[in-house]
Amino acid sequence: MTRGIAFSLALLGTAIPAIATANATTAIAPLAGADLSAWQGLWQLPPVDRASPAAMAQQIPDAVEDYRRELAAIATDPSPPDFANTIAPLDRAGRRLRRLMAVLRIYLSTHADDEWRKIGPGLVAMNDAAQAEALSDPVLFARVARVYRTLPSGTRNAEEARLTELTYTAMAQAGAGLSATDRARLTEIEAELARLQTQFNQNLNREAAGQFTFLSDASKLDGLPQPQIEAAAALARAQGREGAFAIPNQRPQVFAVQTHVRERETRRVVWEQWMQRGGTPGEFDNRPIAARILTLRKAKAALLAYPRFADFVLATRMVGTPEKALAIIETNWDAVLAADARRIAELGELARADGIEAIAPWDRIHYLDQLTRTRFGIDGQEIAGYFPLPAVRDAFFAAAGDTFGFSFERLAGVSTVSPDIEVYLARRDGAPAGIVYLDIRPRPEKPQGSWAVQYRQAGDLDQGELPVVALHSSPPASADGSEILLPFEYANVLFHEFGHVLHMLASTASYNRTAALTVPWDFVEVPSLLNERWLLTDRTLDRLPHYRTGKTMPADLRERLRASRQYERVFSVNPEYMAMALVDQKLHQTGDAVPDVNAFEQAVLARYGFPASADPIMRASAAFHTWSKEYAANVYTYLWSDILAADLAEVFLRAPEGFHDRAAGERYFELVLSRANRVPIEQAYREFHGRAPDEGALIRRFELGGHSASQ
């Protein structure tokens, strides 16, 4: 999952009457420090060396006022609305604010101290509120609607028509076309939803903060790596339980226990506490909150003239309808459960050697880890020796060169928030294509995780400017300060995130709302998931010799590594994830009240024959994706994106040079990546592949239906 992609919407601002009043009475003070929206130098890059919390605290509100004046000018233009005086300037407006927010987010997400953390949330909230208010502004929407109703006349090309459609749809979905009474009600609903979503997550965090599994002696943790046993002892001591061992109810520690601990009872009690989060009566019970969120979402959908909340969400997704989303899950459900039954039979053989007759949910991870280690002989430390961080960087650069014609030239003298950040000029076939910041080393000020972001996107450029994108990651540091050797999973994540970077660099959009990351949410992950496939090709592995011996990975080890990845499969082709996606879709399609989301979940899974040996990754009372704004009725996205990536990969696998085939890469680049959202993604996909997506592609990739697998 990605996991941290950020981009700015073009429409920012507040309602026009408030704009006019504020502008008539507000005197703008001189700027505090240099104007941080004025990016300078040869490539006009973010001036992070001149940024300060005090300057941001004054300049961002000032930029909001600038933006309000821009919106007011559009709204009060006496000329009849057309593309040139309404749609295009709406997309362009707020450029100064976007530049300032980019600098702010660089600090907040990668290098924040207490002063930045103090001023950051309020400025982000100010920006977000401005975006939401502008999208729902009835005066602006009336002008947009008049242009929209005249399509295709009034636009010079397909991208202008596309921008008009996208602007109209975004504003309509934000309620800009509602009556004043209904807009006020929608504002109330959105405010309550935001409060409840925050409370839902806070409940999980506060509940988990006080939850530990205490164990009396170290034998109960037999198999857990020694540093983790020592950490459990220290945590118990901090809780006043000297001599005991404490496992906090946090995902990393819970899953470490499931993977390594041999004592079955320990695995059971730790797992059950994890699965009960948010679902027991009391202060942290999320079930009433989830029920209220569902009620409010239904009311929101009804206000916006959609029969169900799922219809509202999926109207702007690639799949289009809730029925299609559910059909995608159901198409893969039987094949995944049949494959899982075969896997459980294999795990059962290992479990019976330990006296366990039937695999339970708390046994799955433990025996799956044991099976993959014994069957495939994969030693994680040995594998990591082939993935030194600089070599992985060079490998994803080289793969992009093979397939898409990119090259990367390191720049000197660019200001960054930390000296370990590298900055590159990306060229495609020799022509400048963008600036790439690689922030891929851990440091205390940077949060864990990996994400890609664009600080200046295609579609928001002045003459001579290039897109500015970044890849951030915090891999585990080496214990002795030597070069970082990446676990395979982390090398894979870097290839994944670099897929987002390539998508951003490729964009030829002329406007903000047609740029790369404005494609439907259920397609955003596809380029990055596809880019993972380059990591295990022979050509890439040949570029990754062992850091100590200088020899490339032997053929036998390559095949065992590929076989283990094939056996483990991707996240979305496992019953635990599919259960979450299924329940999410059912919750947002039902017309009935759902007082207990966990009981609803159990009924749905029983109806679909969900195996007793599995549990959802988290129950509905803790499934924060389902209750978030971004993933509500949208959890299926991971499965759909993996299907599309597997389907696209087949085009490359048929090419003479496979994933490194330049002709196939050129077609994919020109027909899909570079077009961004200038045309509907369904059209771009069909023109590249020659057909609509094949929903059986993921089943083929992992041989879940008896078909041959592909690399």
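Preceding this paragraph is the structure being described.
This report concerns the structure included in the present document. Throughout this document, residue positions are counted from 1 along each chain, in the order its sequence is written. The predicted origin of the model limits local features to residues at a pLDDT of at least 70 and limits the giving and counting of side-chain atom pairs to 80 or more, whereas totals for whole chains, interfaces and linings rest on all residues. Note that the side-chain values use all heavy atoms of the structure and ignore hydrogens as well as water.

1. Some thoughts on the overall build of the chain
Piece 1. By the criteria applied, helices consist of DSSP H or I runs no shorter than four residues and strands consist of E runs no shorter than two, each listed in order from the N terminus. In terms of regular secondary structure, the chain is built from 28 helices and 7 strands.
Piece 2. As defined in this context, the radius of gyration uses C-alpha atoms, and a globule is described by 2.2 Å times the residue total to the power 0.38. Since a compact globule built from 711 residues should have a radius of gyration of about 27 Å, the 26 Å found for the chain is in line with a globular shape.
Piece 3. The rule is simple: take the accessible area with a 1.4 Å probe, protein chains only, and divide by the maximum for that residue type; under 20% is buried, over 50% is exposed, in between is partly exposed. When the 711 residues of the chain are sorted by exposure, 56% land in the buried category.
Piece 4. Any two residues whose heavy atoms approach within 4.5 Å at even a single point are treated as in contact. Looking at the chain alone, contacts between residues at least 24 apart form 75% of all its contacts between residues at least 6 apart.
Piece 5. Each accessible area is a Shrake-Rupley result for a 1.4 Å probe, and residues are judged covered by the shown protein chains and nothing else. Here the chain displays about 28,200 Å² of accessible surface, and carbon together with sulfur accounts for 54% of that area.
Piece 6. Of the charged side chains in the chain, 76 are positive and 87 negative, and the gap between their average positions amounts to 2 Å. His is not counted here, nor are the chain ends, while Lys and Arg score as positive and Asp and Glu score as negative. To locate a charge, take atom NZ for lysine, CZ for arginine, CG for aspartate or CD for glutamate.

2. With respect to unusual backbone geometry
Piece 1. Geometrically, the link from L151 to P152 is a cis peptide bond, its omega value of 5 degrees lying close to zero.
Piece 2. Positive phi outside glycine occurs at Q44, with the angle close to 50 degrees.
Piece 3. Within the fold, Q44 resides in the loop between α1 (16–25) and α2 (53–75).
Piece 4. Positive phi values are uncommon outside glycine, yet R569 reaches one of about 65 degrees.
Piece 5. By the element assignment, R569 lies in the loop between α21 (555–568) and α22 (575–587).

3. Some details on the pattern of salt bridges
Piece 1. For salt bridges, the criterion is a side-chain nitrogen of Lys or Arg within 4 Å of an Asp or Glu carboxyl oxygen. For the structure on display, the rule yields 62 salt bridges.
Piece 2. In this structure, E160 engages R156 in a salt bridge whose closest nitrogen and oxygen atoms are separated by 2.6 Å.
Piece 3. When its relative accessible area of 1% is taken as the criterion, E160 is described as buried.
Piece 4. Its salt-bridge partner being R373, residue D369 comes within 2.9 Å of it at the nearest N-O pair. Within this pair, D369 and its partner R373 are both found in helix α15 (residues 361–376), separated by 4 residues, close to a single helical turn.
Piece 5. Judged by its relative accessible area of 45%, R373 falls in the partly exposed class.
Piece 6. A single salt-bridge network, built from bridges that share partners, covers R92, R95, R98, R99, R456, D460, D462 and E465.

4. Focus: the packing of aromatic side chains
Piece 1. Two rings from Phe, Tyr or Trp (for Trp, the six-membered ring) form a pair when their centres sit within 6.5 Å of each other. Planes less than 30 degrees apart are called stacked, planes more than 60 degrees apart edge-to-face, and all others tilted. This structure, assessed with the given rule, holds 37 aromatic pairs.
Piece 2. For the pair F141 and Y168, a centre-to-centre distance of 5.2 Å together with 25 degrees between the ring planes defines the contact as stacked. Of this pair, F141 sits in helix α6 (residues 138–149) while Y168 sits in helix α7 (residues 158–173), and the two are 27 residues apart along the sequence.
Piece 3. The buried category is assigned to F141, whose relative accessible area is 9%.
Piece 4. Ring centres of F397 and Y424 lie 5.0 Å apart, and the angle between their planes is 70 degrees; this geometry places the pair in the edge-to-face category. Highlighted residues: F397 in helix α17 (residues 389–404) and Y424 in strand β4 (residues 422–428), separated in sequence by 27 residues. Pair check on accessibility: F397 and Y424 agree, each one buried.
Piece 5. A cation over a ring is seen here: R99 above W39, with NZ or CZ 5.5 Å from the ring centre. Placement of a charge over a ring requires the Lys NZ or Arg CZ to be within 6 Å of the ring centre, with the centre-to-atom vector within 35 degrees of the ring normal.

5. Looking at the nonpolar core
Piece 1. Ranked by internal contacts, the top residues of the largest apolar core, which has 137 residues, are F387 and F408.
Piece 2. Aside from chain neighbours lying at most four places away, what touches F408 is F397, A400, Y424, L425, A426, V436, F498 and L505.
Piece 3. In plain words, nonpolar cores are sets of buried Ala, Val, Leu, Ile, Met, Phe, Trp, Tyr and Cys residues tied together by side-chain atoms within 4.5 Å. In this structure, I60, V417, I435 and V468 belong to the second largest nonpolar core, which totals 34 residues.

6. Here we look at the pairing of strand β6 (residues 450–456)
Piece 1. Here β6 lies mainly inside the structure; 7 of its 7 residues are buried.
Piece 2. Should DSSP find at least two bridges between two strands, the strands are taken to pair. Note: β6 against strand β7 (residues 468–473), 6 bridges, orientation antiparallel. By the bridge assignment, W451 is partnered in β7 with H472.

7. Quick word on the sheet that holds β6
Piece 1. Here we have 5 strands laid out as an open sheet, ordered β3-β4-β5-β7-β6, and mixed in their pairing. Every interior strand has two partners, whereas the edge strands, β3 (406–410) and β6, have only one. When strand polarity is set aside, the average angle formed by the axes of neighbouring strands in this sheet is 25 degrees.
Piece 2. One ladder, built from 5 bridges, connects strand β5 (residues 431–439) with β7; its direction is parallel. For Y437, the partnering residue across the bridge sits in β7 and is A470. To get an axis, a line is fitted to the C-alpha atoms, and for a helix only the part in contact is used. The angle between two axes follows their N-to-C directions and goes from 0 to 180 degrees.

8. Looking at empty space enclosed by the protein
Piece 1. Think of a 1 Å grid over just the protein atoms. A cavity is a set of points where a 1.4 Å probe fits yet cannot get out, a pocket is an open set with protein on both sides within 12 Å along at least five of seven lines, and lining residues have an atom within 4 Å of a point. Grid points are joined across faces, edges and corners, and a volume is the space filled by probe spheres set on the points. Enumeration over the complete set of coordinates arrives at 5 cavities of 30 Å³ or more.
Piece 2. Contributing elements (two or more residues each) for the lining of the second largest cavity: α4 (95–110) and β5.
Piece 3. Think of it as three bins: nonpolar holds Ala, Val, Leu, Ile, Met, Phe, Trp, Tyr, Cys and Pro, charged holds Asp, Glu, Lys and Arg, and polar takes everything else, Gly as well. Split by residue class, the lining of the second largest cavity holds 7 nonpolar, 4 polar and 1 charged.

These figures capture arrangement, not role.
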